[in-house]
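Read off the chains here:
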Amino acid sequence: MTDRRLLLVHAHPDDESIVTGATMAKYAAEGVEVTLVTCTRGEEGEIIPPELAHLGSDRDDTLGEHRVGELDKACLAMGVRDHRFLGGPGRYRDSGMMGAATNQRRGCFWQADAEEAAHLLAQVIREVRPQVVVTYDDNGGYGHPDHIQAHRVAVRAFERAAERALPGTPWQTRKLYAVAQPRSVIEESVERLRSAPGPFTAPATASDIAPGTPDRLVTARIDASAHWPAKVLAMRAHATQISVDGELFALSNGTAQEIQAVEYFTQLAGPVARRGPNGYESDLFA
């Protein structure tokens, strides 16, 4: 066991597994105390399997309740024992994709008071005292309103927690990271997927997967290859949202993506660690 603590802020159930699942499993296996804070229950998610279509979001939030159970299973697969919903389950509702009518719904995360939400998150940060916090970049990775809001809330909470640390308690949280998807890594993946997309649709360009992060902005590369099976199990747990086939997966758009256990991050705040010969940090706690 170690005294290292990692806190991740994600928008919906399944986000944690797709972009940070291997990293979470790696650190949990090393004895790091991993805390996951999820901002919504994902009530507006598009359901993939026809046999689960009855969970649609117009049925008294049955989908959100179901996705809580999926998240529990995913956390178990990754070895994560501390999971919390921001403000409690259902405090903030999934806002849906940018431009959807649900963006204006009362109680959705996009319409939340960011300072109030940051206050709630800062309370968790002060309790857990993680050395490292992980969230999204200012575009939320791909422009989803809840991801953008999660970034805003996490950045503000990171600042507020430091401002109001408990008297006599040494301030522990030093580094803030955003999930990164290097453009070069996505482009290389697309080239492989064009010839072997499995049962899914091959991406035509890198933008079919994600806008990507300019390589020059990526600061950390976490090789969690040994924990690839745990990531796959976690992704399979989110059966309403993710189709998994061998080493590939697809979301509701059916576009093939590789399940990768080397995950990347961009440091947003804190002391800059020395990078290795490959240009990256290899440990978020460095």
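Residues numbered from 1 in each chain as written. Predicted model: local features only at pLDDT ≥ 70, side-chain atom pairs only at ≥ 80, totals over all residues. Heavy atoms only, no water.

An unreviewed UniProt entry annotates the protein as 1D-myo-inositol 2-acetamido-2-deoxy-alpha-D-glucopyranoside deacetylase originating from Streptomonospora arabica. In its Sequence similarities (unreviewed entry) section, UniProt records this for the protein: "Belongs to the MshB deacetylase family." Checking UniProt for the protein, the heading Catalytic activity (unreviewed entry) contains the comment "1D-myo-inositol 2-acetamido-2-deoxy-alpha-D-glucopyranoside + H2O = 1D-myo-inositol 2-amino-2-deoxy-alpha-D-glucopyranoside + acetate". (UniProt positions renumbered as here; feature names shortened; annotations may be inferred.)

Visitor: With reference to specific residues and values, describe the overall build of the protein.
Guide: Scanning the protein for helices and strands turns up six helices and 10 strands. Compactness check: the protein gives a C-alpha radius of gyration of 18 Å against a globular reference of 19 Å for 286 residues, within 12% of the reference. Seen along its three principal axes, the alpha-carbon backbone of the protein occupies a region of about 55 × 50 × 35 Å. Across the 286 residues that make up the protein, the buried fraction comes to 53%. Intrachain contacts of the protein at a sequence separation of at least 6 include 77% that bridge at least 24 residues. (Helix = DSSP H or I, 4+ residues; strand = E, 2+ residues; numbered from the N terminus. Rg over C-alpha atoms; globule rule 2.2 N^0.38 Å. Buried < 20%, exposed > 50% of the residue type's maximum accessible area, 1.4 Å probe, protein only. Contact = heavy atoms within 4.5 Å.)

Visitor: Explain the pattern of salt bridges residue by residue, including any values.
Guide: A complete count under the given rule lists 17 salt bridges for this structure. For the salt bridge of Glu-43 with Arg-41, the shortest nitrogen-to-oxygen distance reads 3.1 Å. With respect to class, Glu-43 is no different from Arg-41; both count as buried. Salt-bridge contacts for Arg-194 lead to Glu-191; the nearest nitrogen and oxygen are separated by 2.4 Å. Note that Arg-194 and Glu-191 are positioned in helix H5 (residues 183–195) at a spacing of three residues, about one turn of the helix. Bridged by salt links that share partners, the residues Arg-4, Lys-26, Glu-30 and Asp-283 form one connected network. (Salt bridge = Lys/Arg side-chain N within 4 Å of Asp/Glu carboxyl O.)

Visitor: An account of the side chain of His-12 is requested, with residue identities and associated values reported.
Guide: In this structure, His-12 sits in the loop between strand S1 (5–10) and helix H1 (15–29). A polar side-chain atom of His-12 sits 3.4 Å from a polar atom in the side chain of Asp-94. Excluding anything up to four places from it in sequence, His-12 contacts Thr-38, Thr-40, Gly-42, Arg-67, Asp-94, His-144, Asp-146 and His-147. (Polar contact = N/O pair within 3.5 Å; in protein donor to acceptor, adjacent residues only side chain to side chain.)

Visitor: Tell me about the packing of helix H3 (residues 114–128) against helix H4 (residues 145–163), residues and numbers included.
Guide: It is at 8 Å that the axes of H3 and H4 come closest, and there the two elements cross at 55 degrees. When the axis of H3 is compared with that of H4, the two are oblique. The way H3 lies across H4 gives a crossing that is right-handed. Along its contact with H3, which presents Ala-114, Glu-115, Ala-117, Ala-118, His-119, Leu-121, Ala-122, Ile-125 and Arg-126, the element H4 presents Gln-149, Val-153, Ala-154, Arg-156, Ala-157, Phe-158, Arg-160 and Ala-161. Taken together, the residues of the contact of H3 with H4 sort by class into 11 nonpolar, two polar and four charged. (Axes fitted to C-alpha atoms, helices over the stretch in contact; angles between N-to-C directions. Parallel < 35°, antiparallel > 145°, perpendicular 65-115°, else oblique. Left-handed = near helix turned anticlockwise from the far one by under 90°. Nonpolar A, V, L, I, M, F, W, Y, C, P; charged D, E, K, R; others polar.)

Visitor: Describe the sheet that holds strand S3 (residues 82–85), with residues and values.
Guide: Across the sheet, which stays open at both edges, the seven strands sit in the order S3-S2-S1-S4-S5-S10-S6 with mixed pairing between neighbours. Because the sheet does not close on itself, it has two edges, and the strands there are S3 and strand S6 (220–223). For this sheet the average axis-to-axis angle between neighbouring strands, irrespective of direction, equals 25 degrees. Across four bridges, strand S4 (residues 132–135) lies against strand S5 (residues 175–180) in parallel orientation. For Val-133, the partnering residue across the bridge sits in S5 and is Leu-176. Relative to S3, helix H2 (residues 62–78) is tilted by about 155 degrees, and along the sheet it contacts strand S2 (33–38) and S3. (Pairing = 2+ DSSP bridges.)

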